[in-house]
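Overview (structure and organization)
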Amino acid sequence: ASHSNENSDSPFKVPTIKFTKLFINGEFVDAVSGKTFETIDPRTGEVITRVAEGDKEDVDLAVKAARRAFDEGPWPRMSGAARGSIMLKYADLINEHIEDLAALDALDAGKLFNWGKAVDIPNVANLLRYYAGAADKIHGEVLKMSRELHGYTLREPIGVVGNIIPWNFPSTMFFMMSAPALAAGCTMIVKPAEQTPLSALFYADLAKQAGLPDGVINVVTGYGPTAGAAIASHMDVDKVCFTGSTEVGRKIMQAAATSNLKQISLELGGKSPLLIFDDADVDKAADLALLGILYNKGEICVASSRVFVQEGIFDEFEKKLKEKAKDWVVGDPFDPRSRLGPQVDKRQFDKILSYIEHGKREGASLLTGGKPAGNKGYFIEPTVFTDVKENMKIATDEIFGPVMSLMKFKTIDEAITKANNTKYGLAAGIVTKNIDIANTVSRSIRAGTIWINCYFAFDCDCSYGGYKMSGFGRHLGLEALHKFLQVKSIVTPIYNSPW
Ligand code: ADP
């Protein structure tokens, strides 16, 4: 299967698709049912290619392979250093294919090609390197027991892991979940989102080239309610990591509870506040606010979708925002001039537009945007609503698109109350030069990450994840490594104590 420029008017070179089958036990195979599904180019709505549609039977085969690789294979038994060196090789191979991988995500998810090349894909390699470096530093503790006992702990890999990946960061999320699991010595079944299966299959091929033993990483492409649900309810999967909607997170938790009580970690929705105080540099604050909602076309769970500005600078801020929004050019993700590509699919496109209509009906005013951009594909203009009331749907629901709700506040206390007035708690931003405000507000907001005078300041070493209904468990940092390990205590009497 291949895709060329023939069925689109894009002047940009798009990649040839090499891998479209499931990857199980080190081999590319068709789905047991023989079924395939379409993956769509969001620039045009046209079919890119067909990909194997994995379902329960395929998940069973992938779990068997992962189980065998865990129970009998070398991966969890080899030294951490040996696992680390295979992971470093994997990172190098990814680095050699940065362009191919960035192009696959641009084509499949509408992500900016240049950004993928400069940031997303190099960072994937860095993630592998970070956890490769941790693989030989996993150890337990010697315990200070209160009796004549010698006690120590081991940190052992949790086993077979299911990683259910969202479509907004197909590459980053693949490795945010899989790199720490690999370092820990786990084996896994990765299910990419049905909208964006292509890069995951490319990573499967590179895993084999890097020397990962068969069965350590299996990739099952397919739909959520079939393949995804089969992973969540599988009796032989020890842990499921899920990143996606709150609604599906709830289903994963139910499936885990009614099957084998597998551990889960959930990274779910957000409605993150950005609080801008009177002393802020208005120009920089406006740039940050636009970045916070428009980066990756708003398809990012930590997007700053609620922007609260203190009354002293509100009018000036609003004016700047309107001016600067024009710099966010919507266009083909392969075009270096574009800053916003298309939304991932028709469903998201329709959902975002219906929120915009809802905002208008509820009485919010459009400062800018509010319409589709262009007449084909799933492009939407950068959209800012002002005159927003806190209880409007656009201010409470996660829209997952380039739609900002701009609101005003007077005092610090009011800012904190408003920031916390959400069921979510993924991230928050604060813009101020006043250290007292920064300290007070950052400690008062119930969210997993607080960015002061920056936004999206991610780093391998800095974990993030949810408070409240944004989920539990952390991505990145050593926190993420520990979620793939479990503690075993070993105790033995010392001296010939009368036990
Ligand atoms: P969105 O609603 O934003 O598309 P989802 O939360 O539905 O995001 O999707 C995230 C991932 O979860 C995808 O890989 C999807 O296939 C998967 N998924 C969807 N429904 C289920 C389900 N019932 N069980 C397991 N996985 C699912």
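Rules used throughout
Residues numbered from 1 in each chain as written. Predicted model: local features only at pLDDT ≥ 70, side-chain atom pairs only at ≥ 80, totals over all residues. UniProt positions renumbered as here; feature names shortened; annotations may be inferred. Helix = DSSP H or I, 4+ residues; strand = E, 2+ residues; numbered from the N terminus. Rg over C-alpha atoms; globule rule 2.2 N^0.38 Å. Buried ≥ 20, exposed ≤ 12 C-beta atoms within 10 Å, placed from the backbone. Contact = placed C-beta atoms within 7 Å. Expected span 1.5 Å × (residues − 1). Bend = angle between axes of the 7 residues up to and from the residue. Near = placed C-beta within 6 Å. Nonpolar A, V, L, I, M, F, W, Y, C, P; charged D, E, K, R; others polar. Pairing = 2+ DSSP bridges. Axes fitted to C-alpha atoms, helices over the stretch in contact; angles between N-to-C directions. Core = buried A, V, L, I, M, F, W, Y, C linked by C-beta atoms within 7 Å. Parallel < 35°, antiparallel > 145°, perpendicular 65-115°, else oblique.

Where an unreviewed UniProt entry is consulted, the chain appears under the name aldehyde dehydrogenase (NAD(+)), with the organism given as Dovyalis caffra. UniProt lists a comment for the chain under the heading Subunit (unreviewed entry), and it reads "Homotetramer." Quoted straight from UniProt, the Catalytic activity (unreviewed entry) entry for the chain says "an aldehyde + NAD(+) + H2O = a carboxylate + NADH + 2 H(+)".

This brings us to the overall build of the chain. For the chain, the helix and strand inventory stands at 15 helices and 22 strands. Since a compact globule built from 499 residues should have a radius of gyration of about 23 Å, the 24 Å found for the chain is in line with a globular shape. The principal-axis extents of the C-alpha atoms in the chain amount to approximately 75 × 65 × 40 Å. Residue burial in the chain is summarised as follows: out of 499 residues, 54% are buried. Counting only contacts in the chain whose residues sit at least 6 apart along the sequence, the fraction spanning at least 24 positions is 72%.

The phi dihedral of L261 is positive, around 55°, even though this residue is not glycine. Looking at where L261 falls in the secondary structure, it is placed in the loop between α8 (246-258) and β11 (263-267). Note on L261: 8 C-beta atoms within 10 Å, which makes it exposed. The backbone of K297 shows a phi angle near 50°, a positive value even though the residue is not glycine. Among the secondary structure elements, K297 is positioned in the loop between α9 (282-294) and β13 (306-310). The exposure class assigned to K297 is buried, which follows from the 32 C-beta atoms found within 10 Å.

With 15 residues, helix α5 (residues 170-184) ought to run about 21 Å at 1.5 Å a step, and its terminal C-alpha atoms sit 22 Å apart, in line with that. Largest kink in α5: about 30°, centred on S178, with the proline P180 one to four residues after it. When you tally the buried positions in α5, you get 15 out of 15 residues, the bulk of the element. Looking one or two places after α5, you find G185, whose phi comes out positive at around 100°.

Close to the ligand lie 17 residues; G224, G228, G244, S245 and V248 are nearest. Among the secondary structure elements, those contributing two or more residues to the shell around the ligand are α7 (224-232) and α8. Counting residues per element, the shell around the ligand draws most heavily on α7, at five residues. The class makeup of the residues in the shell around the ligand is ten nonpolar, four polar and three charged.

A separate point is the pairing of β13. In terms of burial, β13 is largely enclosed, as five of its five residues are buried. Residues R306, F308 and Q310 point to one face of β13 and V307 and V309 to the other, with burial holding for every one of them. Here strand β12 (residues 273-276) pairs with β13 via four bridges, running parallel. Residue pairing for β13: P273 is matched across the bridge by R306.

Next up on the list: the UniProt feature "domain: Aldehyde dehydrogenase" (unreviewed entry) in the chain. Mapped onto this numbering, the UniProt entry gives "domain: Aldehyde dehydrogenase" (unreviewed entry) at residues 29-490. Along residues 29-490 one finds 40% helix and 20% strand; the C-alpha atoms at either end are 43 Å apart.

Another point: the sheet that holds strand β22 (residues 485-493). Consider a sheet: its strands pair through backbone hydrogen bonds, and that pairing is either parallel or antiparallel. Taken in spatial order, the three strands make up an open sheet running β5-β6-β22, and their pairing is antiparallel. Each edge of the open sheet carries a strand with a single partner, namely β5 (142-143) and β22. Note that β5 and strand β6 (residues 149-157) share two bridges and pair antiparallel. Bridge pairing in β6 links V142 to Y152.

With that settled, consider the sheet that holds β12. What the seven strands build is an open sheet, ordered β14-β15-β16-β13-β12-β17-β18; its pairing is mixed. With partners counted over all chains shown, the strands left at the sheet margins are β14 (365-368) and β18 (449-452), one partner each. Ignoring strand direction, the axes of neighbouring strands in this sheet form an average angle of 25°. The pairing of β14 with strand β15 (residues 383-386) spans three bridges and is antiparallel. Residue pairing across strands places T368 opposite V384, the latter belonging to β15. In the packing of helix α11 (residues 346-361) onto the sheet, the strands contacted are β14, β15 and β16 (403-409), and the crossing angle to β16 comes to about 35°.

The nonpolar side chains of soluble globular proteins are, as a tendency, buried together. M87, Y90, L128, Y131, A183 and V240 are the most contacted members of the largest nonpolar core, which has 103 residues in total. In terms of residues, this core owes the most to one element, helix α4 (residues 113-134), which gives eleven residues. The contact partners of A183, leaving out residues within four places of it in the chain, are R83, M87, Y131, A132, A134, A135 and L481. If you look at the next biggest cluster of nonpolar residues, it comprises 62 residues, including I293, V384, I437 and I445.

Quick look at the packing of helix α3 (residues 98-109) against helix α6 (residues 198-210) now. Direction vectors running N to C along α3 and α6 enclose 155°, while the axes themselves pass 8 Å from each other. Of the possible angle classes, the one that applies to α3 and α6 is roughly antiparallel. Note on element contacts: α6 touches α3 through L198, S199 and F202, opposite D100, L101, L104, D105 and D108. Considering only residue class, the contact of α3 with α6 consists of four nonpolar, one polar and three charged.

According to UniProt, the "active site" (unreviewed entry) feature falls on E267. Considering the arrangement of structural elements, one finds E267 in strand β11. On the basis of neighbour count, E267 is assigned to the buried category, with 27 C-beta atoms found within 10 Å. Excluding anything up to four places from it in sequence, E267 contacts T243, C301, G465, G466, G471, G473 and H475.

Considering the arrangement of structural elements, one finds A427 in strand β17 (residues 427-431). Spatially, the C-alpha atoms of A427 and F456 are 9.3 Å apart, while their sequence positions differ by 29 residues. In this structure, A427 is in contact with G270, S272, V302, A447, G448, T449 and W451, ignoring residues within four places of it in sequence.

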